[in-house]
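Each chain, letter by letter, is given below.
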Amino acid sequence: MLGVLLCLALGRWLVRASGRGAWRVGLGAAAGVIAASILYALANELLLYVIAPHWGPAHWVHIPDVAMLVLWVFTAWTLLYFALAADAQRRDRELRLAQTSAAAIDAQHRLLLQQINPHFLFNALNTVYALVLDRENARAQRSLLAMSAFLRSAIEHDRPQQVSLATELESLHHYLAIELERFGDRLQLEEAIPPQLLDRQLPHLILQPLVENCIKHGLAYTRRRMTIRLSAAPTDEGWMLSVEDDGRGSLEAGAPAFGIGLRNVAQRLALLHGTAGRLVARGRPDGGFVASIHLGAPA
């Protein structure tokens, strides 16, 4: 019992001495170990040879021997305390580093996310302005409502970095509602999304830049028609999501391309998914463009 109490007292002192400098704590711990060993040896001699002398008369010369015998116990206990304290500090540092890293990633992700809004807002306002000039009030109102719904989802500060595919498609439909008012029947959308993938998680607003890229390079500044095909499918590594168009195309078949919008998508995938997320974008053999997001299996 005395040994347990001495260990507790030594531990209490080490806790209170933490942060006073390594040398001071080390010297204090050594002094505490020596003092605890001597106290234990004195108590041993008093109890076994003075208070209850079952082993003969007291021999005070035994005290150094007993003290040396128990010195390693207190030393081992103290070293164990230092090891546990160092491990706790390491885990605290790793936690703070992870929190700092997560905060930095979140800030960088939000910055990349905000790059999307100016392009969308410029095109949306131009669409509404043109509809107002043509006295298409009903269509202008629908565009404004769609723009409001899209921007609400884009600028919500409490919106998580990752959303379900169903939520992402809802935001995309708000964006496309404006583009459909802008281009009319020249723009068509086809979707092939398996219901079992609607709960899969992906970065918020990751599809809008891909669709905008299709419209910008495949339909804008022409009078032709274009169909955007949105599809999802499971893969051996996880699942993939593709945005494909049959527009005028500005690339040779198989040629990769990464403009500002596509680089934004690739950087966000790397931030949030690391090597488990990647973007593959290239020209189609028969004209048009295809961009595929590859994501790992859900954890």
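Up top is the structure.
All values derive from a computational prediction rather than experimental measurement.

J.: Describe in detail the overall build of the chain, supporting the description with residues and values.
T.: Each helix and strand in the chain was counted, giving 8 helices and 7 strands. Relative to its 299 residues, the chain shows a buried fraction of 37%. Long-range pairs, those at least 24 residues apart, make up 72% of the contacts in the chain with a sequence separation of at least 6.

J.: Describe a nonpolar patch on the surface, naming the residues involved and giving the relevant values.
T.: On the surface, a cluster of nonpolar side chains totalling about 330 Å² of accessible area is made up of Ile34, Ile38, Leu39 and Leu42. One can find Ile34 in helix H2 (residues 22-51).

J.: Could you give an account of the sheet that holds strand S4 (residues 226-234), naming the residues involved and the relevant values?
T.: Strand order across the open sheet formed by 5 strands is S2-S4-S5-S7-S6, with mixed pairing between neighbours. Two strands bound the open sheet, and with one partner strand each, they are strand S2 (187-192) and strand S6 (277-283). Across the sheet, the mean angle from the axis of one strand to that of its neighbour is 10°, orientation sign disregarded. Direction of pairing for S4 relative to strand S5 (residues 238-245): antiparallel, over a ladder of 7 bridges.

J.: For unusual backbone geometry, give the residues involved together with the corresponding values.
T.: Glycine aside, residues mostly have negative phi, and peptide bonds are mostly found in the trans state. Its identity as a non-glycine residue notwithstanding, Arg135 has a phi of 60°, on the positive side. Its location among the elements puts Arg135 in the loop between helix H4 (116-133) and helix H5 (137-155). Residue classification places Arg135 among the exposed residues on the basis of a relative accessible area of 72%. A positive phi angle is found at Leu205, which is not glycine, with a value near 60°. With respect to the element layout, Leu205 can be found in the loop between strand S3 (201-203) and helix H7 (208-218). Residue class for Leu205 comes out buried when judged on its relative accessible area of 1%.

J.: Explain the packing of aromatic side chains to me, using residue names and the numbers behind them.
T.: Here a ring pair, both rings aromatic, is described through the centre-centre distance and the interplanar angle of the planes. Summed over all chains, the structure comprises 3 aromatic pairs. Arranged with centres 6.5 Å apart and planes meeting at 70°, the rings of Tyr40 and Phe74 form a pair that is edge-to-face. With Tyr40 in helix H2 and Phe74 in helix H3 (residues 62-114), the pair connects residues that are 34 residues apart, well separated along the chain. Since its relative accessible area comes to 30%, Tyr40 is described here as partly exposed.

J.: I'd love a proper account of the environment of Asp87, names of residues and values included.
T.: For Asp87, the position within the fold is in helix H3. Since its relative accessible area comes to 31%, Asp87 is described here as partly exposed. There is a polar contact of 2.6 Å between the side chain of Asp87 and the side chain of Arg90.

J.: Please provide a residue-by-residue account of the pattern of salt bridges, values included.
T.: Proximity of charged atoms lets side chains of opposite charge pair with each other. Following the criterion strictly, the structure yields 10 salt bridges and no others. Where Arg90 meets Asp87, a salt bridge forms, and the shortest distance between an N and an O atom there is 2.6 Å. Taken together, the residues span about one helical turn, with Arg90 and Asp87 both in helix H3 at a distance of 3 residues. Relative accessible area serves as the criterion here: at 33%, Arg90 is assigned to the partly exposed category. Across the pair Glu181 and Arg142 runs a salt bridge, and its minimum N-O distance is 3.0 Å. Of this pair, Glu181 sits in helix H6 (residues 165-183) while Arg142 sits in helix H5, and the two are 39 residues apart along the sequence. Of the residues examined, Glu181 reaches a relative accessible area of 12% and is grouped as buried. A relative accessible area of 45% means that Arg142 is categorised as partly exposed.

J.: Give a description of the side chain of His294 that names residues and reports values.
T.: Inspection of the secondary structure assignment puts His294 in strand S7 (residues 289-296). Every residue in contact with His294, bar those within four places of it in the chain, is listed here: Trp239, Met240, Ala276, Gly277, Arg278 and Val280.

Rules used throughout
- Residues numbered from 1 in each chain as written.
- Predicted model: local features only at pLDDT ≥ 70, side-chain atom pairs only at ≥ 80, totals over all residues.
- Heavy atoms only, no water.
- Helix = DSSP H or I, 4+ residues; strand = E, 2+ residues; numbered from the N terminus.
- Buried < 20%, exposed > 50% of the residue type's maximum accessible area, 1.4 Å probe, protein only.
- Contact = heavy atoms within 4.5 Å.
- Patch = residues over 30% accessible without salt bridge, like charges linked within 9 Å, V, L, I, M, F, W, Y side chains within 5 Å.
- Areas by Shrake-Rupley, 256 points an atom, 1.4 Å probe, with all protein chains shown as cover.
- Salt bridge = Lys/Arg side-chain N within 4 Å of Asp/Glu carboxyl O.
- Pairing = 2+ DSSP bridges.
- Axes fitted to C-alpha atoms, helices over the stretch in contact; angles between N-to-C directions.
- Phe/Tyr/Trp six-rings, centres within 6.5 Å; stacked < 30°, edge-to-face > 60°.
- Polar contact = N/O pair within 3.5 Å; in protein donor to acceptor, adjacent residues only side chain to side chain.

Purely spatial values, then, with no claim about function.
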